[in-house]
Amino acid sequence: MFDPGPFVYMNKLAVGPEAKGKIDIEASITDNLKAIAKAKHRSVEDLTTIILDRDRHRDMIAEIRNAGARIRQIPDGDVAAALMTAWPDSGVDVLIGIGGTPEGVIAACALRAMGGEIQGKLFARDEDELRRGHEAGYDFDKILTMDDLVSSEDVFFAATGITDGELLKGVRYLGDGVKTDSLVVRGLTGTVRQIIATHSVDKLQHFSGIKY
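Residues numbered from 1 in each chain as written. Predicted model: local features only at pLDDT ≥ 70, side-chain atom pairs only at ≥ 80, totals over all residues. Heavy atoms only, no water.

1. Examining helix α4 (residues 101–114)
The test is simple: Think of it this way: any DSSP run of H or I at least four residues long counts as a helix, any run of E at least two long counts as a strand, and we number them from the N terminus. By definition here, a helix of n residues has an expected span of 1.5 Å times n minus one. A 1.4 Å probe rolled over the protein chains alone gives each residue an accessible area, and that area as a share of the maximum for its type sets the label: buried under 20%, exposed over 50%, partly exposed in between.
In a regular helix each residue adds 1.5 Å, so 14 residues correspond to 20 Å; α4 covers 20 Å between its end C-alpha atoms and thus fits that length. Within α4, eleven of the 14 residues are buried, which leaves it mostly tucked inside the rest of the structure. Burial in α4 covers these residues: T101, G104, V105, A107, A108, C109, A110, L111, R112, A113 and M114. Where α4 ends, the next residue or the one after it, G115, has phi of about 90 degrees, a positive value.

Following this line, the structure appears as structure tokens:
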């Protein structure tokens, strides 16, 4: 998997299987939306983009609006947002914007198994970070493809909701038990499992080092 070192932000573009191979992070947002719409046999006006609600995305959001696509702004959680592009009936067609680099690598692991695609470019927050990155050998102009972010199909992704999010429900307490919502993806087979589990607190307590 890609090691971002100390550079924690990345510009990302992620889509599901239908638009795989049709995106280009160096092209304009408008051109990408047109390419995605064509791949999905829809109009740009029927697409829904998902993007973090950040001031740094003001121009991106304006371009998305001008292109005519719908926008879903989220406060955090762009790993789940990236996965939603490949999740049936999520209502999300594309993730756009600058978010965490480690999160981009994690999302690539899941999207590789789910048949989607993510592209990224490292993003420096200021001139000093850019300088230090160049000195350390990082290329901020390089397009990071799926193979750059995670080079093997032999990969697993697992996530459990803690609080309610866009993709998974949070932990729910039932008095004598706990209910959780999880997603498990295996790269080699492309199997995606959504697991809703009920845990017995009394039984778990016998094996746990902490008190539930």
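Now that the structure has been shown, we can carry on.
2. Observations concerning the packing of aromatic side chains
So the rule is basically this: Between 30 and 60 degrees the pair is tilted, below 30 it is stacked and above 60 it is edge-to-face, where a pair is any two Phe, Tyr or Trp rings, Trp via its six-membered ring, whose centres lie within 6.5 Å.
Applying the stated criterion across every chain, the model contains two aromatic pairs. Residues F7 and Y138 carry aromatic rings whose centres are separated by 5.0 Å and whose planes lie at 70 degrees to one another, so their mutual orientation is edge-to-face. Of this pair, F7 sits in the segment before β1 (9–15) while Y138 is found in the loop between α5 (127–135) and α6 (146–149), placing the two residues 131 residues apart along the sequence. Comparing F7 with Y138, the two get one shared label, buried. Ring centres of F7 and F140 lie 5.6 Å apart, and the angle between their planes is 80 degrees; on these two criteria the pair is classed as edge-to-face. Here F7 is found in the segment before β1, whereas its partner F140 is found in the loop between α5 and α6, with 133 residues between them in sequence. The pair formed by F7 and F140 is uniform in burial state, with each residue classed as buried. An aromatic cluster is built from F7, Y138 and F140, whose rings are joined through pairwise contacts.

3. Observations concerning the pairing of strand β4 (residues 94–100)
As a reminder, the rule being used: One bridge is not enough; two strands pair if DSSP finds at least two bridges between them.
A large share of β4 lies buried, amounting to seven of its seven residues. Bridge count between β1 and β4: seven bridges; the pairing is antiparallel. Considered in β4, the bridge of M10 is made with G99. Bridge analysis of strand β2 (residues 48–52) against β4 gives two bridges, and the strand direction is parallel. What sits directly across from T49, in β4, is V94.

4. Some words on the confidence of the model for the protein
As a general rule, the predicted coordinates of low-pLDDT regions are not to be interpreted in detail. What counts is decided by this rule: On a scale of 0 to 100, pLDDT captures the predictor's confidence in every residue.
Mean pLDDT over the protein stands at 93; residues scoring 70 or higher make up 100%. Within the protein, helix α7 (residues 201–204) has the poorest average pLDDT of any element, 87, and helix α1 (residues 29–39) the best, 98.

5. Quick notes on empty space enclosed by the protein
So the rule is basically this: Lining residues are defined by having an atom within 4 Å of a point belonging to a cavity or pocket. Those points lie on a 1 Å grid over the protein atoms alone, cavities being sets where a 1.4 Å probe fits but cannot get out and pockets being open sets with protein on both sides within 12 Å along at least five of seven lines. Grid points are joined across faces, edges and corners, and a volume is the space filled by probe spheres set on the points. Think of it as three bins: nonpolar holds Ala, Val, Leu, Ile, Met, Phe, Trp, Tyr, Cys and Pro, charged holds Asp, Glu, Lys and Arg, and polar takes everything else, Gly as well.
Tallied over the entire structure, the rule returns one cavity of 30 Å³ or more. If you add up the space inside the largest cavity, you get close to 30 Å³. K12, L52, H57, D78, L95, I96, G97, I98 and G99 are the residues that line the largest cavity. The element that contributes the greatest number of residues to the lining of the largest cavity is β4, accounting for five residues. Grouping the amino acids of the lining of the largest cavity by side-chain chemistry returns four nonpolar, three polar and two charged.

6. As for the layout of surface pockets
As a volume, the largest pocket reaches approximately 420 Å³. Together, 19 residues line the largest pocket, and G77, A80, T163, G165 and E166 are the ones closest to its centre. Of all elements in the fold, only α3 (78–84) and β6 (156–160) reach the threshold of two or more residues within the lining of the largest pocket. Of the residues that constitute the lining of the largest pocket, the class distribution is eleven nonpolar, five polar and three charged. In terms of lining residues, the second largest pocket is bounded by 15 residues, among which E18, K40, T85, W87 and V92 are the most central. Here the residues of the lining of the second largest pocket are counted per class, giving six nonpolar, four polar and five charged.

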